[in-house]
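Structure assessment
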Amino acid sequence: MSTTTIAGLPGSEKLQSKAPNVAVPEMWETFKSDMKLVNPNNKRKFKIIVVGTGLAGASAAATLAELGYQVDAFTFHDSPRRAHSIAAQGGINAAKNYKGDGDSIHRLFYDTIKGGDFRARESNVHRLAEVSVDIIDQMVAQGVPFAREYGGLLDNRSFGGAQVSRTFYARGQTGQQLLIGAYQQMARQIGLGNVRLWNRTELVDTVTVDGRCAGIVTRDLMTGDIVSHAAHAVVLCTGGYGNVFFLSTNAMACNVTAAWRAHRRGAYFANPCYTQIHPTCIPQADDTQSKLTLMSESLRNDGRVWVPKAVGDERAPADIPEDERDYYLERLYPSFGNLAPRDISSRAAKRAVDSGRGVGPLKNGVYLDFSAAIGRLGKDVVEERYGNLFEMYERIAGEDPYSTPMRIYPASHYTMGGLWVDYELMTSIPGLYAAGEANFSDHGANRLGASALMQGLSDGYFVLPYTIGNYLAPLLNKPVPGVDHPEFKAAEAAARQRYQGYLDVKGTRSPDFFHRELGKIIWDYCGMERTEQGLEKALSELPALYEEFQKDLRVTGDGASTNQTLEKAGRVDDFFQLGMLMCRDALERKESCGGHFRAEYQDDEGEAKRDDENFAHVAAWEWTGDPMQSIRNVEPLDFTTVHLATRSYK
Amino acid sequence: MSHLSDIKLKIWRQAGPDQGGRFESYLIPSISDEASFLEMLDVLNEQLINEGREAVVFDHDCREGICGTCSLMIDGQAHGPQRGTATCQLHMRKFQSGAEIVIEPWRASAFPIIKDLMVDRAAFDRIVESGGFITAETGGAPDANLIPIPKPVADASMDAAACIGCGACVAACPNGAANLFTAAKVAHLSLLPQGQPERYKRVEAMVETMDEYFGSCTNHGECEAACPKEISIDVIALMHQDYRKAKFANRKTLSRS
Ligand SMILES: Cc1cc2nc3c(=O)[nH]c(=O)nc-3n(C[C@H](O)[C@H](O)[C@H](O)COP(=O)(O)OP(=O)(O)OC[C@H]3O[C@@H](n4cnc5c(N)ncnc54)[C@H](O)[C@@H]3O)c2cc1C
Ligand code: FES
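For every chain, the first residue of the written sequence is number 1, and numbering continues from 1 along that sequence. Lettering for chains starts from A, numbering for ligands starts from 1, and both go in the order in which the items are written. Local features in this predicted model are restricted to residues of pLDDT 70 or higher, and side-chain atom pairs are both shown and tallied only at a pLDDT of 80 or more, whereas totals for entire chains, interfaces and linings draw on every residue. Working from all heavy atoms in the structure, the side-chain values ignore hydrogens and water.

Comments concerning the overall build of chain A
From N to C terminus, chain A includes 17 helices and 19 strands. Each of the three principal axes of chain A carries a C-alpha extent, and together these read 75 × 60 × 50 Å. Accessibility here uses a 1.4 Å probe with only protein chains present; expressed as a share of the type maximum, an area under 20% marks a residue as buried, one over 50% as exposed, and anything in between as partly exposed. Burial analysis of chain A (650 residues in total) assigns 67% to the buried set. Whether two residues touch is decided by their heavy atoms; if any such pair falls within 4.5 Å, the residues are in contact. Considering only intrachain contacts with a sequence separation of at least 6, the fraction spanning at least 24 residues in chain A is 73%. Surface accessibility follows the Shrake-Rupley procedure with a 1.4 Å probe radius. Residue values consider only the protein chains on display as shielding. When the accessible surface of chain A is totalled, it reaches about 20800 Å², and 49% of it is carbon and sulfur. Distance between charge centroids for chain A: 3 Å, based on 71 positive and 82 negative side chains. Put simply, DSSP marks the helices as runs of H or I at least four residues long and the strands as runs of E at least two long, and each gets a number from the N terminus on. Charged residues are defined narrowly, with Lys and Arg counted positive, Asp and Glu counted negative, and His plus the chain ends left uncounted. Taken as the charge centre is NZ of Lys, CZ of Arg, CG of Asp or CD of Glu, depending on the residue.

What to know about the confidence of the model for chain A
On average, residues of chain A score 95 in pLDDT, and 98% of them reach the 70 mark or higher. When the criterion is pLDDT under 50, residues 1–11 of chain A qualifies, and its contacts beyond four places in sequence or with other chains add up to 31 contacts. A residue's pLDDT is the predictor's confidence in that residue, given on a scale from 0 to 100.

Quick notes on the site of ligand 1
Residues and elements named next belong to chain A. Ligand 1 sits among 37 residues. The nearest are His77, Ser85, Leu203, Glu437 and Leu453. One of the backbone N or O atoms of Phe76 is found 3.4 Å from a nitrogen atom in ligand 1. Distance and chemistry together define a polar contact, namely a pair of N or O atoms within 3.5 Å, with one atom able to donate a hydrogen and the other to accept it when in protein, and with adjacent residues in sequence counting only for side-chain atoms on both sides. In the model, an oxygen atom of ligand 1 is placed 2.7 Å from a nitrogen or oxygen of the His77 side chain. With the chains in place, 98% of the 1000 Å² that ligand 1 exposes on its own is no longer accessible. Elements represented by at least two residues in the shell around ligand 1 include exactly helix H3 (55–67), strand E6 (201–209), strand E15 (406–415) and helix H12 (452–472). When residues of the shell around ligand 1 are assigned to their parent elements, the largest contribution, three residues, is made by E6. Near, as used in this document, describes a residue that has one of its heavy atoms within 4 Å of the molecule or strand being considered.

Some words on the pattern of salt bridges
One side-chain nitrogen of Lys or Arg within 4 Å of one carboxyl oxygen of Asp or Glu is enough to make a salt bridge. According to the stated counting rule, one finds 66 salt bridges over all chains in the structure shown. For the salt bridge of Glu297 of chain A with Arg300 of chain A, the shortest nitrogen-to-oxygen distance reads 2.6 Å. Pair check on accessibility: Glu297 of chain A and Arg300 of chain A agree, each one buried. Put simply, Asp59 of chain B and Arg121 of chain B hold a salt bridge, and the shortest N to O gap is 3.5 Å. Of this pair, Asp59 of chain B sits in the loop between helix H1 (37–50) and strand E3 (73–74) while Arg121 of chain B sits in the loop between strand E7 (118–119) and helix H2 (122–131); the two residues are 62 residues apart in sequence, bridging distant segments of the chain. A relative accessible area of 6% places Asp59 of chain B in the buried class.

Topic: the confidence of the model for chain B
Per-residue confidence for chain B gives a mean pLDDT of 96, with 97% of residues at or over 70. Scored as a complex, the prediction yields pTM 0.96 and ipTM 0.97.

So, the packing of helix H14 (residues 511–526) of chain A against helix H15 (residues 532–552) of chain A
Residues and elements named next belong to chain A. Contact geometry for H14 and H15: axes closest at 10 Å, N-to-C directions at 175°. In this view, H14 runs roughly antiparallel relative to H15, as classed from their interaxial angle. Between H14 and H15, the contacting residues are Phe514, Glu517, Leu518, Ile521, Ile522, Tyr525 and Cys526 on the first element and Gly534, Leu535, Lys537, Ala538, Glu541, Leu542, Leu545, Glu548, Phe549 and Asp552 on the second. Grouping the constituent residues of the contact of H14 with H15 by class yields eleven nonpolar, one polar and five charged. Fitting a line to C-alpha atoms yields each axis, with helices limited to the stretch in contact; the angle taken between N-to-C directions then spans 0 to 180 degrees. Roughly parallel refers to an angle under 35 degrees, roughly antiparallel to one over 145, roughly perpendicular to one between 65 and 115, and oblique to any angle outside these ranges. Residues are grouped as follows: Ala, Val, Leu, Ile, Met, Phe, Trp, Tyr, Cys and Pro are nonpolar; Asp, Glu, Lys and Arg are charged; all remaining types, including Gly, are polar.

Brief notes about the pairing of strand E1 (residues 47–51) of chain A
Residue and element names in this part refer to chain A. For E1, a buried count of four out of five residues is recorded, marking the element as mostly surrounded by other parts of the structure. The pairing of E1 with strand E2 (residues 70–74) spans five bridges and is classified as parallel. Of the residues in E2, the one forming a bridge with Ile48 is Val71. With H3 bridging E1 and its parallel neighbour E2, the resulting β-α-β unit is right-handed. In this structure, E1 lies alongside strand E9 (residues 233–236), joined through four bridges in parallel fashion. Directly across from Val51, in E9, lies its bridge partner Leu236. A strand pair is defined by DSSP finding two or more bridges across the two strands. When the strands point away from the viewer and the connection leading from the first strand across the helix to the second strand turns clockwise, the crossover is called right-handed.

A few points about the interface of chain A and chain B
Every contact between the two is made by 79 residues of chain A and, on the other side, 80 residues of chain B. Each of two parts loses accessible area, computed with a 1.4 Å probe, when they are put together; buried area is these two losses added. Taking both partners together, chain A and chain B bury about 6400 Å²; carbon and sulfur atoms supply 49% of that area. Where chain A touches chain B, the interface holds eight salt bridges. One salt bridge connects Glu384 of chain A with Lys151 of chain B, and the closest N-O pair in it is separated by 3.2 Å. Linking chain A with chain B are 51 residue pairs in polar contact (both at pLDDT 80 or more), by the criterion used here.

Here it is in structure tokens:
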């Protein structure tokens, strides 16, 4: 099935998905019946490290501890309740078919494969769709106050690009409520002594001994202490790398460091160029801007996107008559209209702005207009649906969306690429797992709205707790390397040297300065639209800027107390290396698919042109010591259940 | 877009948990009125690094008012002058040129200062760990629609669950009490049918853990005024009521055993 390898391609024999050799819909049941088990009384003999306590990490840590494993959970946040997952607004998908509108596991599976532009593994995606229904049950039992109908049953809505209503939500705070649910479940295990929590502690390296992951090295963000932790298995749930763009909708602290340091130790990094640009964010207002704020995509259910038909139209939106407005999504994609998928809507907005029809003081946005919805449904209904989002918009942009249309523009939002994992979510380092946004597995080249929360919780609650036992069972009563092993000592020494090194450069520019410059290059050449020429340019500019970073960085303060400038320096360092790999990945992928749009590969109408013959595969990069020289390995993708088709939303 | 000029900042600097602190003054010559308050501090920190000085440490993450990480006393008010707004959502357009702004960390004995404007709020986690959950281990949950929940009940639970755990309520309270935080969690879970089995055990454990770390509530109501999510103080009444019932119920059980 999906375990094919291509002879002659370097390293591809390592890239075995290990999915059971049966039809896709039967794989997960087959896996569960065949996997090795650890006896309940033996589970406490195993220690598992979970790094990251967002949705993926908190649900994994809680469940593994409930099963009886000893769990150590790490987060650089002050509390697990703060992870970036908390900011998700719109909702979480599940194939419950509570609306009886024709949803099913197969349809969610199909939509996810198609939405991902046929660049995800069927096996993993089918499992995701299967367990999606259990997530909702689990979260309701956990006390998540999902939106309800008057009869008391759960409410659903349709969300970005879906033709069925399968999205569950808690006002505009779905991520918050889900994270709090998973956090509370983990907190219970902390209280019971089954999970040991390490907050304000950052993973700075992973350690491999005899080909197995033996543990991690961390830095205490309050004292600078570098410490080793040994375990039988390590799970990275450390989120995505969208902040490589500097400006993104991600929380300020999101970074690639954990995944990247594991990559440098041998974990393959897959499809780094698959990044998602979200169509509905508040446009940049000035150059002090530190991050961009997402306006939930659910707004597109009732808002209409438009720009003036005329270039340079300076009139206030209310003064522009209907027939002088271009509702371009409705015009170009009549069947999906304002709900066209993210990548398509984003590029359409870019084209509108690039054509000189952008709106707002900096002409860098498009309108999202609610006047028709207010007319049709009344202000109360609109307020009930979107009240808190409107309030948030007003606070940031200083304008009232009930009376004047919102201004929106695309921004970096989510990263589909990440650590390569097999069917069991194990990276190419045995014993090292990756879950949630940190892995690459389920969304192909484009993620559907409301599917990241689903994936994080699926991985943490319903996949890892099974698959990890399959790895651990044969290790019962076998000794594992302790923290005094020379590999741990060497990694500790390297970490101390790394952080001292940043302090010792004593140059003239802050880490933020370099991060902004890096972000600009990545956004311009590896953002919404990529070209060979642009990527080549980026690949010539990045090493030069990186060298400047290494020579001219300035980190003030010291390494023995909280120093956010020093933390940032380490993260920007990794973003540089990742940025180079992203551009190389984008350059090598000579096709357009999902979030990866190469201008050279489009049809006459400007739609993405995939090349299934040459690129229906995962690109998994292998570290060589120099990010400009990483080796590209491929895992071919077989489609046995869904037929490869052109993704059309017309 | 216009600019504000000459913003004078007085900021609390403290090198570590056990060290003395002091106010230091800084000047921001010019800042866009579109900038957020924290972006103004970013500008200050760039300025400090350029001068070879150590940046001001402050907690922040989402900058969208949802993670609860940001935590500044601005001119003596938790999260500053705008009602229902976390520090990160406060914008410079609410200030004027020449303003003098005093910035301090949360002040509460349960929240020790880590450095400059950053405090340790782990005591909140301890309260949740003691009982702020519904015991429902992964795997055994019934179908999500098995128990209908009337919409007004789900809504009331959600109102309380909106708490972001920032600690403004504690910082604003003259007694450093954590009743609003604790009661919001109690209300979120106790209003739901799923929360009933552990209702009294939960409230008892949480209140008693809260009392170990925090001061006592004397109904000042400052917490509600400071809450960026405008959580109603009514939840505190609910918590007290349940706590009394819990004590009574437990006494009955004790006398029987
Ligand atoms: C504004 C916004 C809105 C969104 N809305 C939706 C939505 O409506 N629906 C949806 O499905 N998805 C949404 N998403 C995407 C979704 O929120 C994320 O993909 C998902 O929450 C990621 O969860 P995670 O558990 O993988 O990682 P995160 O929640 O990012 O957690 C990462 C964790 O790792 C820790 N960590 C990271 N690195 C280290 C390190 N080196 N050492 C120690 N700890 C570390 C962090 O402390 C944190 O605990 C949204 C995203 C954004 C930006
Ligand atoms: S930084 Fe997240 S609430 Fe302010």
